[in-house]
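Residue strings, one per chain:
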Amino acid sequence: MNLLQGKTWRFGNDVDTDLIIPARYLNTSDPVELAKHCMEDADPTFAGKVSPGEIIVAGKNFGCGSSREHAPIAIKAAGVSCVIAASFARIFYRNSINIGLPILESPEASQAIAEGSIVSVDVATGTITDQSTGKTYQAAPFPPFMQSLINAGGLIEYVKTKMK
Amino acid sequence: MGMTITEKILAAHAGKEHVSPGELINAKIDLVLGNDITAPVAIREFEKIGVDQVFDPNKVALIPDHFTPNKDIKSAEQVKILRDFAKKHGIPNYFEVGVMGVEHCLIPEEGLALPGDLIIGADSHTCTYGALGAFSTGIGSTDMAAAMALGEAWFKVPESIKFIYYGKLPRWVGGKDLILYTIGKIGVDGALYQSMEFTGETINDLSLEGRFTMANMAIEAGGKNGIFAVDEKTIEYVKARAKRNYQIYQSDADAKYSQVYEWDVSKLEPQIAFPHLPENTRPLSECGNVSLDQVVIGSCTNGRIEDLREAAMVLKDKKVSHNLRLLVIPGTQKIWQQAMHEGLFDIFVNAGAAVSTPTCGPCLGGHMGILAKGERALATTNRNFVGRMGHPESEVYLAGPAIAAASAIAGRIAGPEEVGVR
């Protein structure tokens with residue numbers, strides 16, 4: 001499970017949560033419904049063309065704006081296997097870890113990887129390999145506490161073990 | 001080594017003498033809140049944990065404010081999840097339409113946020129309560145669920161940035177202009193993961209309303225929280241509202257800051273953020289001729305009584321421009337009633353404005369004032385992202401209430417002087 005591989009879709013800097021999932025669709029929290037509108041205001045064709053396992057590569061401050069967990073939920077439910085960005089907005093970062101959407105912070109990978117490249121990602125080590133160019137990048141590792149959250153399968157599973 | 005207010009609050013709630021930036025801590029929370037968009041997801045996740053009750057019903061607040069009064073069937077069902085959950089768990093701080101307000105106007109007004117508190121909310125603008133010298137920050141729904149079960153949450157202690165403002169603010173320039181100016185200077189990720197501490201003589205003179213506005217938009221610079229030192233004004237605000245004890249923390253003289261910004265704001269012009277990021281700020285004199293279809297005065301950023309008074313001062317005996325919609329949305333029922341008693345509604349209605357019951361409504365493109373393709377709005381709200389108030393090809397400009405009122409009269413972005421108000 002820790003090794004992901006997929007084709008990439010590129011987005012720019014400061015992709016906000018309204019672009020990821022516009023508020024007009026927030027009268028539901030059903031992941032399947034949310035996935036239909038994933039990235040709609042950034043690219044209205046995205047939800048129709050993304051295939052399971054594919055990877056989003058974006059610039060700095062990905063997921064800025066609202067605290068809506070619907071944003072990482074929509075991305076995950078659309079089948080995106082992970083998001084690589086130069087940096088993430090704080091609440092989006094936290095939400096992604098909590099719900100088990102793999103995210104990797106690497107300014108170098110964010111800059112270099114082209115749209116449509118085949119990229120493989122080792123989530124455990126943070127190693128990103130661009131199969132199209134053969135180049136590898138190292139994402140910042142998670143602190144041990146966050147790694148334990150990820151290993152538990154997200155925050156809810158972690159809390160369950162804590163409450164036993 | 002000394003600590004900042006933020007570090008002291010985090011340390012106290014983690015049961016520690018001292019914390020340092022970067023440290024991961026578990027801290028007890030004084031309040032966890034959610035709204036009709038975020039709480040349904042939190043409740044679904046809470047139920048997966050398998051506990052019978054929330055850690056403390058008095059420390060959970062549920063505020064259906066985004067799509068209320070329910071705008072459609074799906075929204076009504078979301079709100080019902082909150083109502084049923086509040087009933088089941090005996091949560092007193094569920095606010096039904098009629099007593100409800102925009103959450104970040106309502107929570108301080110109800111005395112639920114106090115100095116020294118640690119508050120988390122499943123809404124990014126939870127950072128608003130930093131105006132009272134509390135540590136408060138936005139989190140997601142799963143964090144809200146975990147906090148409702150455990151009564152605590154994990155935090156990475158943030159580094160702090162100190163902002164020092166000095167000089168007396170010119171007429172019609174206030175908290176909104178200070179925070180837009182700040183975001184314009186440092187960018188939408190200029191305070192990413194960090195605490196923003198607002199200080200200086202200008203801040204000492206700033207009203208609580210102005211401070212709420214500034215703390216509210218800390219998130220628009222990527223900040224984890226925005227915070228102010230407690231002073232006489234803060235005490236005056238909380239003493240009539242607090243129903244429990246609170247603790248006042250001040251930053252030590254030798255507290256460590258990752259950065260310090262110092263600005264003379266005595267000649268600051270009103271600031272307007274152009275589409276599509278809050279960092280795209282311009283002083284009023286450099287805005288050019290931007291015609292408008294709608295103006296919104298309200299939201300958790302600028303829906304308080306002082307904001308409405310300022311708008312009314314400009315709108316008195318004036319008319320809203322032909323074919324422009326002006327929407328005025330008081331933040332809470334108390335603010336609504338106060339505005340009514342002060343005669344502000346007469347001024348608004350005579351000018352040709354619509355006055356609404358409290359709701360987040362148009363701020364996030366929910367309802368009560370959605371934009372068509374190609375339309376342009378100026379709003380006292382906090383975000384001007386693509387599609388934020390409606391059609392993805394509409395535009396939102398952000399400003400304070402005086403500029404909003406003057407722009408509604410002029411039909412384009414304008415200051416009070418341009419419409420004959422001194």
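Note: the structure precedes this text.
Quick caveat: nothing in here was measured; it's all calculated off a predicted structure.

Novice: Explanation requested: the interface of chain A and chain B in the structure shown.
Specialist: For an interface, size is often stated in terms of accessible area lost upon the parts coming together. If you look at the interface, chain A gives 43 residues, while chain B gives 50 residues. Carbon and sulfur atoms make up 59% of the area that chain A and chain B hide from each other, which totals about 4000 Å². Of all residues in chain A, the largest losses of buried area upon contact with chain B belong to Asn27(A), Arg90(A) and Arg94(A), amounting jointly to 20% of the total for that side. Between Glu152(B) and Lys162(A) there is a salt bridge, with its nearest N and O atoms 3.1 Å apart. Our enumeration of links across chain A and chain B arrives at 18 residue pairs in polar contact (both at pLDDT 80 or more). The set of elements that each furnish at least two residues to the side of chain A that touches chain B consists of α1 (17-20), α4 (70-77), α5 (90-99), α7 (144-152) and α8 (155-163) of chain A.

Novice: Quick question: what am I supposed to make of empty space enclosed by the protein here?
Specialist: All names here are of chain B. Taken as a whole and assessed by the stated rule, the structure comprises 3 cavities of 30 Å³ or more. As a volume, the largest cavity reaches approximately 240 Å³. What lines the largest cavity is a set of 23 residues, and nearest its centre among them are His66, Asp123, His125, Leu364 and Arg388. Those elements that place two or more of their residues in the lining of the largest cavity are α4 (103-109) and α10 (299-302). Looking at the lining of the largest cavity residue by residue, the class counts come to 7 nonpolar, 10 polar and 6 charged. In this model, the second largest cavity occupies a volume close to 110 Å³.

Novice: Looking at this structure, how should I read the nonpolar core?
Specialist: Soluble globular proteins: nonpolar side chains tend toward being buried together. In this structure, Phe62(A), Ile75(A), Leu62(B), Leu326(B) and Phe348(B) are the most contacted members of the largest nonpolar core, which totals 130 residues. Counting residues per element, this core draws most heavily on helix α14 (residues 401-410) of chain B, at 7 residues. Contact partners of Phe348(B), with chain neighbours within four places excluded, come to Leu308(B), Ala311(B), Ala312(B), Leu315(B), Val328(B), Ala353(B) and Val355(B). One finds Leu180(B), Leu206(B), Tyr237(B) and Val396(B) within the second-largest nonpolar core, a separate group that totals 62 residues.

Novice: Any chance you could explain the layout of surface pockets here in plain terms?
Specialist: It is the rolling of a water-molecule-sized probe over the atoms that shows where space remains empty. Residues and elements named next belong to chain B. By volume, the largest pocket amounts to about 550 Å³. As for the largest pocket, its lining consists of 29 residues, of which Val173, Gly174, Leu206, Glu306 and Glu310 are closest to the centre. Where the lining of the largest pocket is concerned, the elements lending two or more residues are α6 (175-186), α7 (201-205), α8 (208-216), α11 (305-315) and α14. Per-element accounting of the lining of the largest pocket gives the leading share, 5 residues, to α11.

Novice: Can you help me understand the packing of aromatic side chains in this one?
Specialist: To describe a pair of aromatic rings, one takes the distance between the centres and the angle between the planes. All names here are of chain B. Tallying each qualifying case throughout the model produces 23 aromatic pairs over all chains. Between the aromatic rings of Phe163 and Tyr261, the centroid separation amounts to 5.3 Å while the plane-to-plane angle is 10°, which identifies the pairing as stacked. With Phe163 in strand β8 (residues 160-166) and Tyr261 in strand β11 (residues 259-264), this pair connects stretches of sequence that are 98 residues apart. Residue classification places Phe163 among the buried residues on the basis of a relative accessible area of 0%. Ring pairs connect the aromatic residues Phe163, Tyr165, Tyr181, Phe198, Phe228, Tyr261 and Trp263, which therefore count as one cluster. Between Lys156 and the ring centre of Tyr193, over which it is positioned, the NZ or CZ distance is 5.8 Å.

Novice: Got a minute to help me understand the sheet that holds strand β7 (residues 136-138) of chain A in this structure?
Specialist: Pairing between the strands of a sheet comes from backbone hydrogen bonds, and it takes one of two forms, parallel or antiparallel. Residue and element names in this part refer to chain A. Strands sit in the order β4-β3-β2-β1-β5-β6-β7 across an open sheet of 7 strands; the sheet is mixed. Edge positions in the open sheet fall to β4 (103-105) and β7, since each of these has one partner strand only. Here the strands of the sheet are splayed against their neighbours by 30° on average, with no regard to which way each runs. Note: strand β1 (residues 3-10) against strand β5 (residues 118-122), 5 bridges, orientation antiparallel. Residue pairing for β5: Lys7 is matched across the bridge by Ile118.

Novice: Just checking my understanding: could you explain unusual backbone geometry for this structure?
Specialist: The bulk of non-glycine residues show a negative phi, and the bulk of peptide bonds are trans. The peptide bond linking Thr68(B) to Pro69(B) adopts the cis configuration, its omega dihedral lying at -15°. Turning to its location among the elements, Pro69(B) is positioned in the loop between β3 (60-63) and α3 (73-89). Following Pro275(B), the chain continues to His276(B) via a peptide bond in cis, the omega torsion being 0°. One non-glycine residue with positive phi stands out, namely Asp14(A), at about 55°. Mapped onto the elements of the fold, Asp14(A) is located in the loop between β1 and α1. Accessibility expressed as a relative area gives 8% for Asp14(A), which makes it buried. With a phi angle near 60°, Asp317(B) is a residue other than glycine that sits in the positive phi range. Within the secondary structure, Asp317(B) is located in the loop between α11 and β15 (325-329).

Novice: Quick question: what am I supposed to make of α8(A) here?
Specialist: Count 3.6 residues to each turn of an α-helix, and residues three or four apart come out pointing the same way. Taken as a whole, α8(A) has its buried residues at Leu155(A), Ile156(A) and Val159(A). Summarising the axial view, the buried residues of α8(A) lie within an arc of 95°, below the 170-degree limit, and thus occupy one face. Buried residues belonging to α8(A) abut α5 and α7 of chain A together with α2 (39-49), α5 (141-150) and β7 (152-156) of chain B.

Novice: Looking at this structure, I do not really get the pattern of salt bridges. What am I missing?
Specialist: Any two side chains of opposite charge can pair, on the condition that their charged atoms come close. Taken as a whole and assessed by the stated rule, the structure comprises 27 salt bridges over all chains. In this structure, Asp43(A) engages Lys49(A) in a salt bridge whose closest nitrogen and oxygen atoms are separated by 2.8 Å. Here Glu418(B) makes a salt bridge to Arg412(B), at a shortest N to O gap of 3.1 Å. Accessibility expressed as a relative area gives 27% for Arg412(B), which makes it partly exposed.

Novice: Would you mind going over the state of the cysteines with me for this structure?
Specialist: A covalent bond between the sulfur atoms of two cysteines is what we call a disulfide. Residue and element names in this part refer to chain B. Considering all chains together, one arrives at 0 disulfides over all chains under this definition. The thiol of Cys105 is unpaired, and the distance to the nearest cysteine sulfur, on Cys300, comes to 6.6 Å. Just so you know, Cys287 is unpaired, no disulfide at all, and the nearest cysteine sulfur is the one on Cys363, 20 Å from it. For Cys287, a relative accessible area of 5% gives the class buried.

Novice: Which parts of the structure should I look at to understand the sheet that holds β8(B)?
Specialist: All names here are of chain B. Strand order across the open sheet formed by 4 strands is β10-β9-β8-β11, with parallel pairing between neighbours. Both outer strands of the open sheet, β10 (225-228) and β11, are each paired with one neighbouring strand and no more. Each strand of the sheet is rotated relative to its neighbour by a mean of 20°, with strand direction disregarded. In this sheet, β10 lies alongside strand β9 (residues 195-199) in parallel orientation, the contact comprising 4 bridges. Each bridged residue has a counterpart across the sheet, and for Glu197 the counterpart in β10 is Ile227. Sitting on the sheet, helix α1 (residues 5-14) touches β8, β9 and β10, and the angle it makes with β10 is about 105°.

The rules behind the values
- Residues numbered from 1 in each chain as written.
- Chains lettered and ligands numbered in written order.
- Predicted model: local features only at pLDDT ≥ 70, side-chain atom pairs only at ≥ 80, totals over all residues.
- Heavy atoms only, no water.
- Contact = heavy atoms within 4.5 Å.
- Buried area = accessible area lost by both parts, 1.4 Å probe.
- Salt bridge = Lys/Arg side-chain N within 4 Å of Asp/Glu carboxyl O.
- Polar contact = N/O pair within 3.5 Å; in protein donor to acceptor, adjacent residues only side chain to side chain.
- Helix = DSSP H or I, 4+ residues; strand = E, 2+ residues; numbered from the N terminus.
- 1 Å grid on protein atoms, 1.4 Å probe; cavity = no way out; pocket = protein on both sides within 12 Å on 5 of 7 lines; lining within 4 Å.
- Points joined across faces, edges and corners; volume = space filled by probe spheres on them.
- Nonpolar A, V, L, I, M, F, W, Y, C, P; charged D, E, K, R; others polar.
- Core = buried A, V, L, I, M, F, W, Y, C linked by side-chain atoms within 4.5 Å.
- Buried < 20%, exposed > 50% of the residue type's maximum accessible area, 1.4 Å probe, protein only.
- Phe/Tyr/Trp six-rings, centres within 6.5 Å; stacked < 30°, edge-to-face > 60°.
- Lys NZ or Arg CZ within 6 Å of the ring centre and 35° of its normal.
- Pairing = 2+ DSSP bridges.
- Axes fitted to C-alpha atoms, helices over the stretch in contact; angles between N-to-C directions.
- Arc of directions from axis to C-beta.
- Disulfide = S-S within 2.5 Å.

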